[in-house]
Amino acid sequence: MDSPTLAGWVGDVESFTGRQWQREPAVFTPETLASPFGLDELDAAFDGGLLRTPYLEMVRSDKVVVPPDAYTTSRVVNGTTYDGFADRAKALALLRSGATLLLRRVDQWHRPTGDLVARLSEELGRRVEAFFFVTPAGGQGLAVHRDDADVFVLQAAGRKTWYVHGAPAVADWALGELPDDEHSPLLLRSVLETGSVLYVPRGFAHRAVGAAGLSAHLSLTIRDVSLQDLRTALEQQLTEGLDLPARPLGEAAIADACATLLGHVRARLGTIGPEDLRAAARAAQARQPVATTQPDASQHPDTSPQPETFAETARNWDGATGAGRAGPAVSVSRTWRRLRDAARSAR
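The model shown is predicted, which means the values in this text are computed figures rather than measured ones.

1. Some words on the overall build of the protein chain
Working step 1: When helices and strands are counted, the protein chain shows eleven helices and twelve strands.
Working step 2: Considering only contacts within the protein chain whose residues lie at least 6 apart along the sequence, 80% involve residues at least 24 apart.
Working step 3: When the accessible surface of the protein chain is summed, it comes to about 20400 Å², and 54% of that surface belongs to carbon and sulfur atoms.

The following block contains the structure:
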């Protein structure tokens, strides 16, 4: 797990993976601010005018549901009313009353966060997602709960007190809030300052309380394989190279398909080991995000086509479409006329 991004947070990666990774929580103090998303970027998202549900949510730890219309507004576009657009004044009022602001999947709409997530996902071989929380002093967005992911918390602003409890006591553990009768031992209590990084292993119960003013952090959730992931990977491994019709027609064809499938699976099963299955499941589950940064061709040559931009398309428009007037529509029209004329002559 030799990783430049991870090394910037935890220092000695080998020591981290041998001691803390999936074993115990830990707090680190990097030399530079780790989070690419902070309160300035949050303001820019509101100013942009396109932030809306489901990327925006407000929550309370007292199990009181905050309805979307309490922090969003409606807009009329081309005569139609659309709901769910972020309203900063409403959101700030709810923050002052103790609610927590949550932005979901920041990596999908904030390019620097998407870049960070893509790098970390590649380094760890896992799927990574980003969430941003803003909590007032004394506020707590979620009660003590367990996540189905390892989590890196990048403190972006203010101070927040974190409480991390022990791992699940049983193999078949549940996500979400801890039941009232479960008293998991407290392993870590720490006040994260701006710039601090907290690591919480998968399944370890935790909660966070704002310590002063407005506290903001970026949570990077690192997903690992589930039983369903393993089942899906096993099916793909067992049926690899199998060529059968998708819809066998008639009883005889169905019987032949069953025999062929069973014979293929029996032969393949003896060649697949636990490591093969785990590697296949993780490779499928990671599903690397599309990179948003351009690689340094001098160090990492990349011959794959890069996404075309609108500006680039505009610059090349005349050459690509014949002065911008005889483009695809003309080609389709000519093709259609040829097909029509051929059909008429065949009558």
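Here the narrative resumes, following the displayed structure.
2. So, the pairing of strand β4 (residues 80-86)
For a regular strand, side-chain orientation follows a simple rule: the groups alternate between the two sheet faces.
Working step 1: Taken together, the five bridges between strand β3 (residues 72-77) and β4 define a ladder with antiparallel strand orientation. Opposite V77, over in β4, you have T80 as the bridge partner.
Working step 2: Linking two consecutive strands that pair antiparallel, namely β3 and β4, is a turn of two residues; a positive phi of about 55° is found at N78 within it.

3. Regarding the packing of aromatic side chains
Working step 1: Applying the stated criterion to the full structure yields ten aromatic pairs.
Working step 2: Judged by centre distance (4.7 Å) and plane angle (75°), the ring pair of F37 and F132 falls under edge-to-face. A residue pair is termed long-range when its members are at least 10 positions apart, and F37 in the loop between β1 (26-28) and α3 (39-48) and F132 in strand β6 (residues 127-136) qualify at 95 residues. Just as F37 is buried, F132 falls in that class too.
Working step 3: Aromatic pair F152 and Y199: ring centres 5.2 Å apart, planes at 40°, arrangement tilted. In this pair, F152 sits in strand β8 (residues 150-165) while Y199 sits in strand β11 (residues 197-200), placing the two residues 47 residues apart along the sequence.
Working step 4: The buried category is assigned to F152, whose relative accessible area is 0%.
Working step 5: Taken together through their ring pairs, the aromatic side chains of W9, F16, W21, F28, F152 and Y199 make up a single cluster.
Working step 6: Geometry around F85 places R75 over its ring, the cationic atom sitting 4.2 Å from the centre.
Working step 7: The lysine or arginine in question, R207, covers the ring of Y163, its NZ or CZ lying 4.1 Å from the ring centre.

4. Looking at the layout of surface pockets
Working step 1: By volume, the second largest pocket amounts to about 460 Å³.
Working step 2: Along its surface, the second largest pocket is lined by 24 residues, and F133, L142, H145, D147 and H206 are the ones closest to its centre.
Working step 3: Those elements that place two or more of their residues in the lining of the second largest pocket are β2 (56-59), β5 (100-103), β6, β8 and β12 (206-223).
Working step 4: Counting residues per element, the lining of the second largest pocket draws most heavily on β12, at seven residues.
Working step 5: For the lining of the second largest pocket, the residue count by class is nine nonpolar, eight polar and seven charged.

5. A closer look at the pattern of salt bridges
Working step 1: Within this structure, the stated rule accounts for 14 salt bridges.
Working step 2: R282 serves as the salt-bridge partner of D224, at 3.1 Å between the closest nitrogen and oxygen. Highlighted residues: D224 in the loop between β12 and α6 (227-238) and R282 in helix α8 (residues 274-286), separated in sequence by 58 residues.
Working step 3: The class of R282 is partly exposed, set by a relative accessible area of 21%.
Working step 4: Linked by salt bridges that have partners in common, R105, D107, R127, E129 and R223 make up one network.

6. Here's the deal with the nonpolar core
Working step 1: Residues W9, M58, L101, L103, F132, F152 and L220 are the most contacted members of the largest nonpolar core, which totals 44 residues.
Working step 2: Ignoring sequence-local partners within four residues, the contact set of L220 consists of W9, L116, V117, L120, V128, E129, A130, D150, V151, F152 and L154.
Working step 3: Listed in part, the ten residues of the second largest apolar core include V153, W162, L198 and F204.

7. Overview of the environment of R146
Working step 1: Turning to its location among the elements, R146 is positioned in strand β7 (residues 145-146).
Working step 2: Residue R146 is classed as buried on the basis of its relative accessible area of 4%.
Working step 3: The sequence separation of R146 and A167 amounts to 21 residues, and the corresponding C-alpha distance is 8.8 Å.
Working step 4: In this structure the side chain of R146 is engaged in a polar contact, spanning 2.9 Å, whose partner is the backbone oxygen of G166.
Working step 5: At 2.7 Å, the side chain of R146 forms a polar contact with the backbone oxygen of G203.

What counts and how
- Residues numbered from 1 in each chain as written.
- Predicted model: local features only at pLDDT ≥ 70, side-chain atom pairs only at ≥ 80, totals over all residues.
- Heavy atoms only, no water.
- Helix = DSSP H or I, 4+ residues; strand = E, 2+ residues; numbered from the N terminus.
- Contact = heavy atoms within 4.5 Å.
- Areas by Shrake-Rupley, 256 points an atom, 1.4 Å probe, with all protein chains shown as cover.
- Pairing = 2+ DSSP bridges.
- Phe/Tyr/Trp six-rings, centres within 6.5 Å; stacked < 30°, edge-to-face > 60°.
- Buried < 20%, exposed > 50% of the residue type's maximum accessible area, 1.4 Å probe, protein only.
- Lys NZ or Arg CZ within 6 Å of the ring centre and 35° of its normal.
- 1 Å grid on protein atoms, 1.4 Å probe; cavity = no way out; pocket = protein on both sides within 12 Å on 5 of 7 lines; lining within 4 Å.
- Points joined across faces, edges and corners; volume = space filled by probe spheres on them.
- Nonpolar A, V, L, I, M, F, W, Y, C, P; charged D, E, K, R; others polar.
- Salt bridge = Lys/Arg side-chain N within 4 Å of Asp/Glu carboxyl O.
- Core = buried A, V, L, I, M, F, W, Y, C linked by side-chain atoms within 4.5 Å.
- Polar contact = N/O pair within 3.5 Å; in protein donor to acceptor, adjacent residues only side chain to side chain.

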